[in-house]
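What the coordinates show
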Amino acid sequence: MLKFIPSFKENHPKIKLELNKVLLKDIAEYLQKGIYDVAVAFDSEFKGKEEILTHTLYSGRYYAAVSKQHPLFCCESISKDELYKYPLVMLNPMVIGDSYYLMIQHAMEDGYQPNILRTADDVETKLFYIITENLIGFFPDNYDLADLKEEVRFIPIHDSHHTFKIEIGYLKNNSNPALYSFLHQIQNSI
């Protein structure tokens, strides 16, 4: 996604780009307060925010992440029945905001009440609980496990409502002219 940045900087040398990492739960609020001109986040953080416009950068499905000790590790794919027989680990709602509640809503749409045994404040801790306590976690289908590919496996879930979009969001009334040039460049690179 960021492949366009060098050409953007070359074509717009007076525009200053800065990158800040913030908690997912804070993204919409920071846009609404004018702290940032643009944000990239899961679609759940922009839902119901009528003053925020979005463009989809990527859409996909959540996969179940299991350790090599987990009974589901050898499965090529799993059903919702298999998934919800086991306890889960999720990122803390104080970190991921509405995404936490959207996951529960998706599970209920699938006809299940998830057994969330633990929450974690970051992905590393979530992976720790997946490995050490044999919990199931959810990860986007394009997440790179890097060095943990021998320890953790992603498994597709049949007919699940667990989908997501990565979106770029910005305020409808943002008057920064550089923003629209930036958005145009992003849309041309997708």
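Report follows, based on the coordinates. (Residues numbered from 1 in each chain as written. Predicted model: local features only at pLDDT ≥ 70, side-chain atom pairs only at ≥ 80, totals over all residues. Heavy atoms only, no water.)

**Quick notes on unusual backbone geometry**
The backbone of N134 sits at a positive phi, close to 55°, despite the residue not being glycine. Relative to the assigned elements, N134 resides in the loop between α6 (123-132) and β5 (137-140). Owing to a relative accessible area of 27%, N134 belongs among the partly exposed residues under this scheme. At A146, a residue that is not glycine, the phi angle is positive and equals roughly 50°. Along the chain, A146 falls in the loop between β5 and β6 (152-155). For A146, a relative accessible area of 46% gives the class partly exposed. (Helix = DSSP H or I, 4+ residues; strand = E, 2+ residues; numbered from the N terminus. Buried < 20%, exposed > 50% of the residue type's maximum accessible area, 1.4 Å probe, protein only.)

**Points about the packing of aromatic side chains**
With the rule as written, the count across this model stands at eleven aromatic pairs. Plain terms: the ring middles of F128 and Y129 are 5.6 Å apart, the flat faces sit at 65° to each other, and that makes the pair edge-to-face. Judged by its relative accessible area of 47%, F128 is partly exposed. With centroids separated by 5.0 Å and ring planes inclined at 55°, the aromatic side chains of F139 and Y143 adopt a geometry described as tilted. (Phe/Tyr/Trp six-rings, centres within 6.5 Å; stacked < 30°, edge-to-face > 60°.)

**A few points about the pattern of salt bridges**
Scanning all chains against the criterion turns up eight salt bridges. Here K33 makes a salt bridge to E29, at a shortest N to O gap of 2.7 Å. For E29, a relative accessible area of 34% gives the class partly exposed. A salt bridge links K49 to D98, with the nearest nitrogen and oxygen atoms 3.9 Å apart. Placement of the pair is K49 in the loop between β1 (39-42) and β2 (52-67) and D98 in helix α5 (residues 98-109), with a sequence separation of 49 residues. On the accessibility criterion, D98 (35% relative accessible area) is partly exposed. (Salt bridge = Lys/Arg side-chain N within 4 Å of Asp/Glu carboxyl O.)

**A few points about the pairing of strand β3 (residues 88-91)**
By the alternation rule, side chains of β3 split into L88 and M90 and V89 and L91, which are all buried. Note: β3 against strand β4 (residues 116-120), four bridges, orientation parallel. Opposite L91, over in β4, you have A120 as the bridge partner. (Pairing = 2+ DSSP bridges.)

**A word on the environment of K21**
The residue K21 is located in the loop between α1 (5-11) and α2 (27-32) in this model. Spatially, the C-alpha atoms of K21 and A39 are 9.7 Å apart, while their sequence positions differ by 18 residues.

**Focus: the nonpolar core**
In terms of nonpolar packing, the biggest core is built from 52 residues, with I78, L83 and F138 touching the most fellow members. Dropping the residues within four chain positions of it, I78 is found in contact with A64, L72, L83, I155, P156, I157 and H158. (Core = buried A, V, L, I, M, F, W, Y, C linked by side-chain atoms within 4.5 Å. Contact = heavy atoms within 4.5 Å.)

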